[in-house]
Amino acid sequence: LGARALSCAALADVIVWAAVGLLVGAFEGGSGAAWSPVVAFLFVGGMLAVVRPLTARVASGPIGRGPLGPLVALIALLVVALAAELAGVHAVVGAFLLGIGVPHESALARTMHARLSLAAGVVLPAFFAIAGLRTEIGLVQGISGWAACVAIIMVATIGKLGATAAAARLSGSGWMEATRLGVLMNFRPLTAIVVLNVGLDLGLVSPPDDTMMVLMALATTVMAVPAIRLLAERTA
């Protein structure tokens, strides 16, 4: 079940970041706004169809296994991030699309993970702290504001958990296993916060909406572990 959830989440992340890339390209086109969605589509499509298999081949080859592999990977990361910005797509999108091209079982992936874990351990808390500073709970005011926040949480939960459970049930899983998969998929980790920050930076999301969406991400994340434990006890 965990492997299925990870596979579904990875595929969902690819779709989300591809959609974010196209959306950013459409809204950040400036004078070339008419062409920006096309450029963003070509960039995302090129990353998935051309760069991803090429990256997998290089990562599994002599360069990826050699001592220069991490250096080449970092240079490629900076180049792709710059290309993403030039294409009107956020640099984070380009970095993610490059990362999914590296096979997770390759020597390069293990080396990069080991070397970047310390940096990630320092940077990620700082990122969440900045996201917390930008989240203004006071912007959610009155009964109508909190009712909208609760409605967002309910719609997000029903949409993610319900759709996943229904799809799993249609594919042959039992209701309990399908529900447990839906609970795991309803978990919204780092990706949601990153996407919200990108939207806030570009003005696609207003501060009050960003606050409610962050609260939704936190609520669905917090409820995941108790819910999966409860379902595990019922099947024990």
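Everything numeric in this text was worked out from a predicted model, so none of it was measured. (Residues numbered from 1 in each chain as written. Predicted model: local features only at pLDDT ≥ 70, side-chain atom pairs only at ≥ 80, totals over all residues. Heavy atoms only, no water.)

Remarks on the packing of helix H4 (residues 69-86) against helix H6 (residues 107-134)
- Running from amino to carboxyl end, H4 crosses H6 at an angle of 80 degrees, the nearest separation of the two axes being 10 Å. The angle between H4 and H6 falls in the class roughly perpendicular. Where H4 approaches H6, its residues Gly69, Pro70, Ala73 and Leu74 are matched on the opposing element by Leu108, Thr111, Met112 and Arg115.
- Its residues placed into classes, the contact of H4 with H6 shows 5 nonpolar, 2 polar and 1 charged. (Axes fitted to C-alpha atoms, helices over the stretch in contact; angles between N-to-C directions. Helix = DSSP H or I, 4+ residues; strand = E, 2+ residues; numbered from the N terminus. Parallel < 35°, antiparallel > 145°, perpendicular 65-115°, else oblique. Contact = heavy atoms within 4.5 Å. Nonpolar A, V, L, I, M, F, W, Y, C, P; charged D, E, K, R; others polar.)

Observations regarding the packing of helix H7 (residues 142-170) against helix H8 (residues 175-185)
- Here H7 crosses H8 at 145 degrees, and the two axes come no closer than 8 Å. For the pair H7 and H8, the sense of crossing is right-handed. On H8, the residues that touch Lys160, Leu161, Thr164, Ala165, Ala168 and Arg169 of H7 are Trp175, Ala178, Thr179, Leu181, Gly182, Val183 and Met185.
- The residue makeup of the contact of H7 with H8, split by class, is 8 nonpolar, 3 polar and 2 charged. (Left-handed = near helix turned anticlockwise from the far one by under 90°.)

With respect to the nonpolar core
- Among the nonpolar cores identified, the biggest contains 17 residues, and Phe43, Met47, Val89 and Val93 are the most heavily contacted of them.
- Taken together, the elements giving at least two residues each to this core come down to helix H1 (2-27), helix H2 (36-60), H4, helix H5 (91-99) and helix H9 (190-202).
- Of all hydrophobic cores here, the second largest spans 7 residues; its members include Val140, Cys149, Ile153 and Met216. (Core = buried A, V, L, I, M, F, W, Y, C linked by side-chain atoms within 4.5 Å. Buried < 20%, exposed > 50% of the residue type's maximum accessible area, 1.4 Å probe, protein only.)

Side note on the side chain of Thr220
- Among the secondary structure elements, Thr220 is positioned in helix H10 (residues 207-235).
- Owing to a relative accessible area of 0%, Thr220 belongs among the buried residues under this scheme.
- At a separation of 2.9 Å, a polar atom in the side chain of Thr220 contacts the main-chain carbonyl oxygen of Met216.
- Reaching out from Thr220, the side chain makes a polar contact with the backbone oxygen of Ala217 at a distance of 3.1 Å.
- If near-sequence neighbours (up to four positions away) are discounted, Thr220 is found in contact with Thr157, Asn186, Phe187 and Arg188. (Polar contact = N/O pair within 3.5 Å; in protein donor to acceptor, adjacent residues only side chain to side chain.)

What about the confidence of the model for the protein?
- Mean pLDDT over the protein: 81, with 92% of residues reaching 70 or higher.
- Confidence, expressed as mean pLDDT per element, reaches its minimum in the protein at H1 with 74 and its maximum at H7 with 90. (pLDDT = per-residue confidence, 0-100.)

Re a nonpolar patch on the surface
- Side chains of Leu54, Val58, Ile63, Leu68, Leu71, Val72, Ile75 and Val79 sit close together on the surface and give an oily, nonpolar patch of about 700 Å² of accessible area.
- Looking at the nonpolar patch, the elements that each hand over two or more residues are H2 and H4.
- Sorting elements by how many residues they give to the nonpolar patch places H4 first, with 4 residues.
- Secondary-structure assignment places Val79 in helix H4. (Patch = residues over 30% accessible without salt bridge, like charges linked within 9 Å, V, L, I, M, F, W, Y side chains within 5 Å. Areas by Shrake-Rupley, 256 points an atom, 1.4 Å probe, with all protein chains shown as cover. Salt bridge = Lys/Arg side-chain N within 4 Å of Asp/Glu carboxyl O.)

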